[in-house]
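What follows is each chain in one-letter form.
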Amino acid sequence: MSDVIAQRTLARSAPIVAMPPKLRTINLTRHFVRGGDAGLTVFQDLSVDVANLEFVAIIGPSGCGKSTFLRILNGLDQADSGTIEIDGRRVSGPGAGRAMVFQGFDLFPWRTTLENVAFGLEMQGRSKRERLDIARHYIELVGLTGFAQSYPHQLSGGMQQRVGIARALAVRPDILLMDEPFGALDLQTRDLLQDELLRIWQSDPKTVLFVTHSIEEAIYLADRIIVFSPRPARIQRDIRVPFLRPRSEELKTSAEFLAIRREIWCLLKHGVDVGGPQAAG
Amino acid sequence: MSSTTRLALRLTGLALFLLVWELVGRHLGDALMAPPSAVARELVALAEDDQARATIWQSIAPALVGFAIACAVGMPLGAVMGRSPIWNALLHPWVSTFVVTSVAAIVPILILLIGTGWWFVVAVVVLSSVWYVTLTTYQGAVRIERRWLDVGRSFGASRIRAFRTIMLPALFPYLLAGARIGLTHAIRSMVLAQLFIVSGIGGLLNEAGMDVSTARLLALLVVIMGIGLAASHGLGRVADWLAPWQRGLEPQR
Ligand SMILES: Nc1ncnc2c1ncn2[C@@H]1O[C@H](COP(=O)(O)OP(=O)(O)OP(=O)(O)O)[C@@H](O)[C@H]1O
Ligand SMILES: [Mg+2]
């Protein structure tokens, strides 16, 4: 915690006129080579700036490269060209203050909740006592006290995703990457977890990149929504969400909310119309 | 099905089997098929016969050594085949060929190569069980999910840590299943090998085959079945104890 603060103070006192954004991608391009044909350009020259502690939702048609984008940011995949900067420093490979919450929860079935949450800390080589203490704290934070010794198959989908979130939070990342974290959950659980996520995020703010298919979810959670176009993805629209926090469910029926919702809906629909024949070709 | 019902059904099955055997045995006579009552008497005699007991124990030793070698070779081999397409392309055809080849067919060559001593039994045991260990481990290694390895990389796991914390636990159920199948084959082939060279349990079987009564032969058969069952069941227990997470995942046995 204290080193994060130190880092921020350092960045502030550094002789840079404008503070660099928390996360910046410059001309990121990813091209998958496939035997025979010309291959597949998922996105080209994608440049995004994300401010510190900003909650950014990414939305776009299926297959446009949202997961690929997040995987590259996480270091699980490599861009073919372009750079990623965190706090103005170029990064490559995993680690360095980023943690991912995966869509399928992807817990290890052989580990209990406690051991799953402690996984990232274990990979960092923290001592057993330290990592179990931290893990217990985050298990409590996501509301799973009492399930620390359960195996994933003994938990519901919503509880498993809470474990996934706790696992990512436990390494105390600056940047939290979430790839459709609630995509596999039913609507009620989803609503519940959205509020939980906001609560956790407000008590422990970090920069969040949140991929979703749900327009409502994006507006409800985010400060800013980036709408991707169909493949090859580019930024079709960058929308600032004006609502104050803390937000509540009633927001979802307000006129302004619905207006943003319609705007994004039209963008996505339009995108699909344009992308159809292009994707087929 | 509740566990008591299952137990009751199993015991009923066993009782019916023994009853039919007893009836058929009495009808055919000891020379063709001794009834369970005669076999039971012979089992008691075997248990009291120090020398027979020692022979049986000594027979098991080469089977265990062979089994250990089969695991030590088969597990890494299967894991490498499952993770490396190159090694798989190179080795898989051979492993699949050997697994369908009866070891009995290679016995003459083995006898020429290493004679008929203790190591002969070990060699037969290894050659008949190692393929099962290899192929089962291979199946597990192929099934290690990419998303698990991704989680590891995402949290910055080094290769060694990823191996220890992801690959090994993911493989574990398959290692144990492989060990179990391998052990069964090890014990089966142990008897076969000893029959060829007339030693150990094979020697006892051979001797018993010359008796007028089949009671001793059948008693030995029961002993062999018992060893096989105990070994397989014991390993299953070890598996449950070492890997408690998969008890809830498996269909009920
Ligand atoms: N390893 C890979 N090799 C080849 N092509 C890939 C690979 N990974 C992704 N792709 C392709 O890249 C494109 C983008 O995939 P990606 O998973 O990033 O889409 P997405 O926007 O997350 O879609 P969804 O919303 O359905 O999750 C897809 O067409 C996919 O087929
Ligand atoms: Mg995706």
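A quick note: this is a predicted structure, and the numbers were derived from the prediction, not measured. For every chain, the first residue of its written sequence is number 1, and the numbers climb from 1 along that sequence. Going through the entries in the order they are written, you letter the chains from A and number the ligands from 1. Only residues with pLDDT of 70 or above have their local features reported here, since the model is predicted, and side-chain atom pairs are shown and tallied only from 80 upward, although totals for entire chains, interfaces and linings are computed over all residues. Values reported for side chains reflect all heavy atoms of the structure, with hydrogen atoms and water molecules removed beforehand.

**A short note on the site of ligand 1**
Residues and elements named next belong to chain A.
- Looking at ligand 1, there are 13 residues lining it, with Ser62, Lys66, Ser67, Thr68 and Arg231 nearest.
- We define a polar contact as two N or O atoms separated by no more than 3.5 Å, with the added condition that, inside protein, one atom must be a possible hydrogen donor and the other a possible acceptor, whereas residues neighbouring each other in sequence contribute only through side-chain atom pairs. Lysine 66 places a polar side-chain atom, nitrogen or oxygen, 2.7 Å from an oxygen atom of ligand 1.
- Between ligand 1 and the protein, one listed contact pairs an oxygen atom with a side-chain N or O atom of arginine 231 at 2.7 Å.
- Burial of ligand 1 by the protein amounts to 64% of the accessible area it has alone, namely 640 Å².
- Helical segments are the DSSP runs of H or I of at least four residues, strand segments are the runs of E of at least two, and each set is numbered from the N terminus. Of all the elements, helix α2 (residues 66-74) adds the most residues to the shell around ligand 1, at three residues. We call a residue near a molecule or strand as soon as one heavy atom of that residue lies within 4 Å of the molecule or strand. For every accessible area listed, the method is Shrake-Rupley and the probe measures 1.4 Å; residues are considered covered only by the protein chains on display.

**Re the interface of chain A and chain B**
- Of the residues lining the interface, 26 residues belong to chain A; the matching set on chain B comes to 21 residues.
- Take the accessible area each of two parts loses on contact, using a 1.4 Å probe, and add the two losses: that sum is the buried area. Here chain A packs against chain B, burying approximately 2100 Å² in sum over the two surfaces, 65% of which is carbon and sulfur.
- What counts as a salt bridge is simple: a side-chain nitrogen of Lys or Arg found within 4 Å of a carboxyl oxygen of Asp or Glu. Remark: the boundary between chain A and chain B carries two salt bridges.
- One salt bridge in this structure joins A:Arg71 and B:Asp150, with 2.8 Å as the shortest N-O distance.
- In this structure, the connection of chain A to chain B is made through seven residue pairs in polar contact (both at pLDDT 80 or more). Only heavy atoms enter the contact rule, under which two residues are in contact if any of them lie within 4.5 Å.

**Quick look at the domain arrangement of chain A**
Residues and elements named next belong to chain A.
- Domain start and end points were adopted from an automatic or database domain assignment. One can read the domain layout of chain A as domain 1 (21-97 + 175-281) and domain 2 (106-172).
- Computed from C-alpha coordinates alone, the two centres of domain 1 and domain 2 are separated by 25 Å.
- Contacts between the two partners involve 14 residues from domain 1, matched on the other side by ten residues from domain 2.
- Between domain 1 and domain 2 the total buried area reaches about 970 Å² when both faces are included, carbon and sulfur atoms providing 70% of it.
- At the boundary of domain 1 with domain 2, the tally comes to one salt bridge.
- When the shortest N-O distance is used, the salt bridge between glutamate 196 and arginine 162 registers 2.9 Å.
- Of all the secondary structure elements, the ones that give two or more residues to the side of domain 1 that touches domain 2 are β7 (175-179) and α7 (187-203).
- Among the elements that make up the side of domain 1 that touches domain 2, the one with the highest residue count is α7 (seven residues).
- Three residue categories are used. Nonpolar comprises Ala, Val, Leu, Ile, Met, Phe, Trp, Tyr, Cys and Pro, charged comprises Asp, Glu, Lys and Arg, and polar comprises the others, including Gly. Residues belonging to the side of domain 1 that touches domain 2 are distributed by class as follows: eight nonpolar, two polar and four charged.

**Considerations on the sheet that holds strand β9 (residues 224-228) of chain A**
Residue and element names in this part refer to chain A.
- One requirement defines pairing of two strands: DSSP has to find at least two bridges between them. Overall, mixed pairing links the six strands, which are arranged β6-β7-β8-β3-β9-β10 in an open sheet. In this open sheet, the two strands that pair with only one neighbour each are β6 (98-101) and β10 (235-240). Each neighbouring strand pair of the sheet contributes to a mean axis angle of 15 degrees, computed without reference to strand direction.
- Bridging between β9 and β10 involves five bridges; their strand directions are antiparallel. What sits directly across from valine 227, in β10, is arginine 237.
- The convention used is that axes are lines fitted to C-alpha atoms, helices contributing only their stretch in contact, and that angles between N-to-C directions extend from 0 to 180 degrees. Where α2 meets the sheet, it contacts β3 (55-59), β6, β7, β8 (207-211) and β9, and its direction lies at approximately 150 degrees from that of β7.

**Focus on helix α7 (residues 146-154) of chain B**
- Exposure is judged per residue with a 1.4 Å probe applied to protein chains only, and the accessible area is read against the type maximum: over 50% gives exposed, under 20% gives buried, and values in between give partly exposed. Those residues of α7(B) lying buried are B:Trp148, B:Asp150, B:Val151, B:Gly152 and B:Ser154.
- Of the residues flanking the end of α7(B), it is B:Gly156, one or two places downstream, whose phi is positive at about 75 degrees.

**Notes on the packing of aromatic side chains**
- For this analysis, a ring pair means two rings from Phe, Tyr or Trp (six-membered ring only for Trp) whose centres lie within 6.5 Å, classed as stacked if their planes differ by under 30 degrees, edge-to-face if by over 60, and tilted for the remaining angles. If you walk through the whole model with that rule in mind, you get 13 aromatic pairs over all chains.
- A ring pair is formed by A:Phe43 and A:Phe69, whose centres lie 5.9 Å apart and whose planes are at 90 degrees; its orientation type is edge-to-face. Taken together, the residues span a long stretch of sequence, with A:Phe43 in strand β2 (residues 40-50) and A:Phe69 in helix α2 at a distance of 26 residues. The same class applies to A:Phe43 and to A:Phe69, which are both buried.
- Here A:Phe55 and A:Phe210 contribute two aromatic rings whose centre-to-centre distance is 5.9 Å and whose plane-to-plane angle is 40 degrees, an arrangement assigned as tilted. One end of the pair, A:Phe55, is in strand β3; the other, A:Phe210, is in strand β8, with 155 residues separating them in the sequence.
- Overall, A:Phe55 belongs to the buried group, its relative accessible area being 0%.
- Among the aromatic residues, those joined into a cluster by ring pairs are A:Phe108, A:Trp110, A:Phe119, B:Trp148 and B:Phe155.
- The cationic tip of A:Arg167 hangs over the ring face of A:Phe108; the distance from NZ or CZ to the ring centre is 5.9 Å. Our definition puts a charge over a ring when NZ of Lys or CZ of Arg is within 6 Å of the ring centre and also within 35 degrees of the ring normal.

**Re the sheet that holds strand β5 (residues 89-90) of chain A**
Residue and element names in this part refer to chain A.
- Strand order in the open sheet made by the four strands is β2-β1-β4-β5, with antiparallel pairing throughout. Lying at the two open borders of the sheet, with one neighbouring strand each, are β2 and β5.
- Across the face of the sheet, α2 comes into contact with β1 (23-32), β2 and β4 (81-86) while running at roughly 120 degrees to β1.

**Some points on a nonpolar patch on the surface**
- Like-charged residues within 9 Å of one another, or nonpolar side chains (Val, Leu, Ile, Met, Phe, Trp, Tyr) within 5 Å, are grouped into patches, provided each residue has over 30% relative accessible area and no salt bridge. Together, B:Leu7, B:Leu11, B:Leu14, B:Phe17 and B:Leu18 give the surface a local cluster of nonpolar side chains, amounting to about 500 Å² of exposed area.
- In this fold, B:Leu14 is placed in helix α1 (residues 3-28).

**Focus on the pairing of β7(A)**
Residue and element names in this part refer to chain A.
- Buried residues dominate β7, accounting for five of its five residues.
- The side-chain alternation of β7 yields two buried faces, one formed by Ile175, Leu177 and Asp179 and the other by Leu176 and Met178.
- In terms of strand pairing, β7 meets β8 through five bridges, oriented parallel. Bridge pairing links isoleucine 175 to threonine 207 in β8.
- Throughout, right-handed denotes a crossover for which the path from the first strand over the helix to the second runs clockwise when the strands point away from the viewer. In this fold, β7 hands off to α7, which returns the chain to β8; that crossover is right-handed.

**Some thoughts on the environment of A:Arg190**
Residues and elements named next belong to chain A.
- Structurally, arginine 190 can be placed in helix α7.
- With 27 residues separating them along the chain, arginine 190 and glutamate 217 place their C-alpha atoms 9.0 Å apart.
- Residues contacting arginine 190, with those up to four places away along its chain left out, are Phe182, Gly183, Thr212, Ser214 and Glu217.

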